[in-house]
Structures are given as structure tokens and as C-alpha cells.
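# Analysis of the macromolecular model
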Amino acid sequence: MKLKQAVEAIEQRFKISHAEDFDNVGLLCGNPEREITGILVCHDSLECVVDEAISKNLNLIVAFHPIVFSGLKSITGKNYVERAVLKAIENKIAIYAIHTAFDNDYFGVNYRICEELGLKNQQILMPKKSNLTKLDVYVPHSHADTVRNAMFEAGAGNIGFYDECSFSVDGRGTFRPNEGSDPYSGTQGVRENAAEEMISVIFESYKSSKIISALKAAHPYEEVAYQLIKLENENHYAGLGRFGQFEKALTEVEFLQLLKDRFSLNVIRHSNRLGKMIETVGVLGGSGASGIKSALAKGCDAYITADVKYHEFYQGEDRMLICDIGHFESEQFVPDQIFQILSEIFPKFAVSKSLEKTNPVNYFF
């Protein structure tokens, strides 16, 4: 299998278009035409991980964090980023990063955190906005099913746990073929009055090109009449963070102890305890202080994240317990998730999980 084929298969599952604008995801280095010998999954693609890939004869590293986050002006090995990238290039090893594409995934980072805590009635904390598009197209009745099926095949009408969703309205369309036209129906110079069906579908905006191409290929008209409408609707199946409820509310001490046990924590940084029961909990793995206000708005009693700054602990407004459990600790299950997914995508291909410790934060007790 070539690298480009592996990347295509990976991106069928991990929606890179869902990554945040600031992020650097996808193929970071590697020749798309090179044959792949195997995949190594890791949290951070550091130099030690590249060494591990070399020793195991695995030439594709799939990492959660991108080793190249901002631009590189040189690759001389003067810092930990350049050393990792340089060694990967010299040894013909490709590096692919997923990061916030998986943070925004419905079954991604935050889903696993909620599952570990046993939270029920889970919902996205900060749904993606303005990433849905509506398409209306006008089709003669004879080809309505053909066009509709072609759009479905290209990914239109897939909403949450439903697919093949559309809406149709019957009507009549007029047009007059002019000189140079080759109309499917009608005569040049004569206005045509045709019975048509307006088909409406909704899809994530990144699919637009593929769906329009499929639409035009299936449509009988020489000039296809359609319109694209950008929607302001929130996409409740993609976005950062998640929240849910315990079946039985816990005291703050019980909740903190549960966190320690489920995440194998030695320490938790948290805001003042409020003496309230914890039932609704918000989570955002990694640096998630940006979700504090959203968690408050959702009525969360506690919020779990990492990298919270001093003044950000005040943002709980004495209404919500803020818990910083550590960046790596909040994302500790991600390599297992990615490994499991890639093992299913490539059942006959060597997929390994890195044994290297890449968490740069240590604690002294």
C-alpha cells in the first residue's frame, strides 16, 4: 500500500476538515508514492518515537499532536521539533497528525473521557457553527431518483445517525433554449414549461465539490439549476468538548476521588469547593479553558480540562468546580482510540502502539 492510499483511508474516518483553523493536521512529511511497511501510533512524534519506528521497520507514524505546529524556517536539528522531523525525513518515515480533528469528533477525545466517567445523555459542549450547507437542485421527475441517489452516494443527506435525508417539492420550471444549446427537452427559441422536482439536501460544507460533481454527472440537463445556501445551524455531531450526567449525583470529594481513580492521577488542580452535589459534568481534553463559559451556560456542576491559568479558575463564578487534571492525563486514552480505529481500517496491515513515554510534565511528591 502506498502512503497516499493509507492517508485516503485514514481520512475516510478522521475528518481533517473538522480541525480547528489554528491547527496543523494531516500529512506533515513523507512521499505519497512510497510503499508503507507499517504504522506506529503515538501521542507525540518525538525523536525517540521516530527511533522506535526505525527499529520496528514501520515507516508511517500517526500521531495525535502535530510535531510541526508552526512554520519551520530551517530543518537543521537545532531543537526537538527539527531533530524529529530531520530524522524522519532522513529515514524515509512519514508523519501524520490528527489532533483537533479528533477533538471535534463525535466519538473522539471527549467521548472517551465521558465514557470513563460513566456519564449519560452526552452532548457536544461547543458544537461546530457555520459548517453546514443546504443544496437545492431542480430535476425533471424522470431523473429525480437518479440524481438524489448520486448525491447520497457522494455524502449528502448524512445527518448525525441518519443518512439519505432529503426533502422534495413538485413544481414547474421554465426555460428557453437559445442558439448553441443542446437541450435535454424542448426546442430552440421556444419557452419550455417542464414538470420538475426540487430536491433539498444538507451536508457538511467540505463535501460541496464532490456532491456537486456527482449531481452534474447524474443530471440530464445541459445547464443544471441549483443553489448552495450556507446555514447558521449548529452541527450537534461535531465540536469541541462534551457534557453529560451521572445517574446519581456525587459529592465534590466523591467526584474528585473518582477522577483520581479513573485517570490514575496523583494530583488535581481545582477551584474552590462549593459544597454542592456534582451531577452534570463538562469535559474538554487538552488545553480547554476556552470551554469554561460554555460549560457554565450548559449548567455544568463541574468542568474537567487542562492547562488552566491562575485567573481562569475564577471563571467558575462560584457556581462550577473547575478541575485541571493535566494535558497528557486528559488525553491519555487517545493513542488507544487511534490504535483501535486504525486496526479496524487496516486489518491486514501492521499497526503498533508506541511504547515511548512522551509526556514532558513530571511531578515530585
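Attention in this report is confined to the structure presented alongside it.

What counts as what
- Residues numbered from 1 in each chain as written.
- Predicted model: local features only at pLDDT ≥ 70, side-chain atom pairs only at ≥ 80, totals over all residues.
- Heavy atoms only, no water.
- Helix = DSSP H or I, 4+ residues; strand = E, 2+ residues; numbered from the N terminus.
- Contact = heavy atoms within 4.5 Å.
- Areas by Shrake-Rupley, 256 points an atom, 1.4 Å probe, with all protein chains shown as cover.
- Pairing = 2+ DSSP bridges.
- Axes fitted to C-alpha atoms, helices over the stretch in contact; angles between N-to-C directions.
- Buried < 20%, exposed > 50% of the residue type's maximum accessible area, 1.4 Å probe, protein only.
- Arc of directions from axis to C-beta.
- Salt bridge = Lys/Arg side-chain N within 4 Å of Asp/Glu carboxyl O.
- Core = buried A, V, L, I, M, F, W, Y, C linked by side-chain atoms within 4.5 Å.
- Phe/Tyr/Trp six-rings, centres within 6.5 Å; stacked < 30°, edge-to-face > 60°.
- Lys NZ or Arg CZ within 6 Å of the ring centre and 35° of its normal.

In this section: the overall build of the protein chain. From N to C terminus, the protein chain includes eleven helices and 15 strands. Its C-alpha atoms give the protein chain principal-axis dimensions of about 85 × 55 × 40 Å. If you take every contact in the protein chain between residues at least 6 apart in sequence, the share linking residues at least 24 apart comes to 72%. Surface exposure of the protein chain reaches about 18,700 Å², of which carbon and sulfur atoms provide 48%.

We now examine the sheet that holds strand E5 (residues 120–129). Across the sheet, six strands lie side by side as E5-E10-E12-E13-E14-E11; this open sheet has mixed pairing. For this open sheet the edge positions go to E5 and strand E11 (269–270), each flanked by a neighbour on one side alone. Where E5 and strand E10 (residues 234–250) come together, seven bridges link them in antiparallel fashion. Bridging from a neighbouring strand, Met126 pairs with Leu240 of E10. Relative to strand E12 (residues 278–287), helix H5 (residues 109–117) is tilted by about 140 degrees, and along the sheet it contacts E5, E10, E12 and strand E13 (302–306).

So, about helix H7 (residues 208–218). Within H7, the full set of buried residues consists of Ser208, Ile211, Ile212, Ala214, Leu215 and Ala218. One face of H7 carries all of its buried residues, which in axial projection span an arc of 160 degrees. Exposed residues on H7 whose side chains face more than 90 degrees from its buried face are Ser209, Lys210 and Ala217. On the buried face of H7, the contacting elements are strand E6 (132–140), helix H6 (144–153), strand E8 (192–204) and strand E9 (226–231).

The next point concerns the environment of His270. Note that His270 resides in strand E11. Along the chain, His270 and Val147 lie 123 residues apart, while their C-alpha atoms are 55 Å from each other. Among residues more than four places away in sequence, those in contact with His270 are Leu256, Phe313, Leu321, Ile322 and Cys323.

Bringing the pattern of salt bridges into the picture now. Throughout the structure, instances matching the rule amount to 17 salt bridges. Here Glu204 makes a salt bridge to Lys15, at a shortest N to O gap of 3.2 Å. In this pair, Glu204 sits in strand E8 while Lys15 sits in the loop between helix H1 (3–13) and strand E1 (26–29), placing the two residues 189 residues apart along the sequence. Judged by relative accessible area, Lys15 falls into the partly exposed class, the value being 30%. The salt bridge partner of Glu197 is Arg148, with a shortest N-O separation of 2.4 Å. Taken together, the residues span a long stretch of sequence, with Glu197 in strand E8 and Arg148 in helix H6 at a distance of 49 residues.

What follows concerns unusual backbone geometry. Of note, the phi angle at Ser130 is positive, near 55 degrees, even though the residue is not glycine. By the secondary structure assignment, Ser130 is in the loop between E5 and E6. Phi is positive for Glu317, which is not a glycine, with a value near 55 degrees. Relative to the helices and strands, Glu317 resides in the loop between E13 and strand E14 (321–324). Among the residues examined, Glu317 registers a relative accessible area of 51% and is labelled exposed.

With 48 residues, the main nonpolar core has Leu60, Leu117, Phe255, Leu259, Ile338 and Leu342 as its most contacted residues. Here Leu342 is in contact with Ile10, Phe14, Ile39, Val41, Val62 and Val351, once residues within four sequence places are set aside. Membership of the second largest hydrophobic core comes to 18 residues, among which are Leu135, Phe152, Ala156 and Phe203.

Okay, the sheet that holds strand E4 (residues 94–97) next. The sheet built from five strands is open, its strands ordered E1-E4-E3-E2-E15 with mixed pairing. Here the strands that pair on one side only, and so sit at the sheet edges, are E1 and strand E15 (351–353). Ignoring strand direction, the axes of neighbouring strands in this sheet form an average angle of 30 degrees. The pairing of E1 with E4 spans three bridges and is antiparallel. In the sheet register, Leu27 faces E4, and the bridge partner there is Tyr96.

Under the criterion given, the structure shown has 15 aromatic pairs. Ring plane angle 50 degrees and centroid distance 6.2 Å describe the contact between Phe22 and Phe69, whose orientation is recorded as tilted. Here Phe22 is found in the loop between H1 and E1, whereas its partner Phe69 is found in the loop between strand E3 (60–65) and helix H3 (80–90), with 47 residues between them in sequence. Considering the side-chain rings of Tyr184 and Tyr221, the 6.1 Å spacing of their centres and the 45 degrees angle between planes classify their relative orientation as tilted. Of this pair, Tyr184 sits in the loop between strand E7 (167–175) and E8 while Tyr221 sits in the loop between H7 and E9; the two residues are 37 residues apart in sequence, bridging distant segments of the chain. By relative accessible area, which is 42% here, Tyr184 ends up partly exposed. Three or more aromatic residues link up through ring pairs in this structure, and these residues are Tyr106, Phe107, Tyr111, Phe161 and Tyr237. The lysine or arginine in question, Arg242, covers the ring of Tyr106, its NZ or CZ lying 4.4 Å from the ring centre.

Geometric descriptors of this kind do not, in isolation, establish any biological role.
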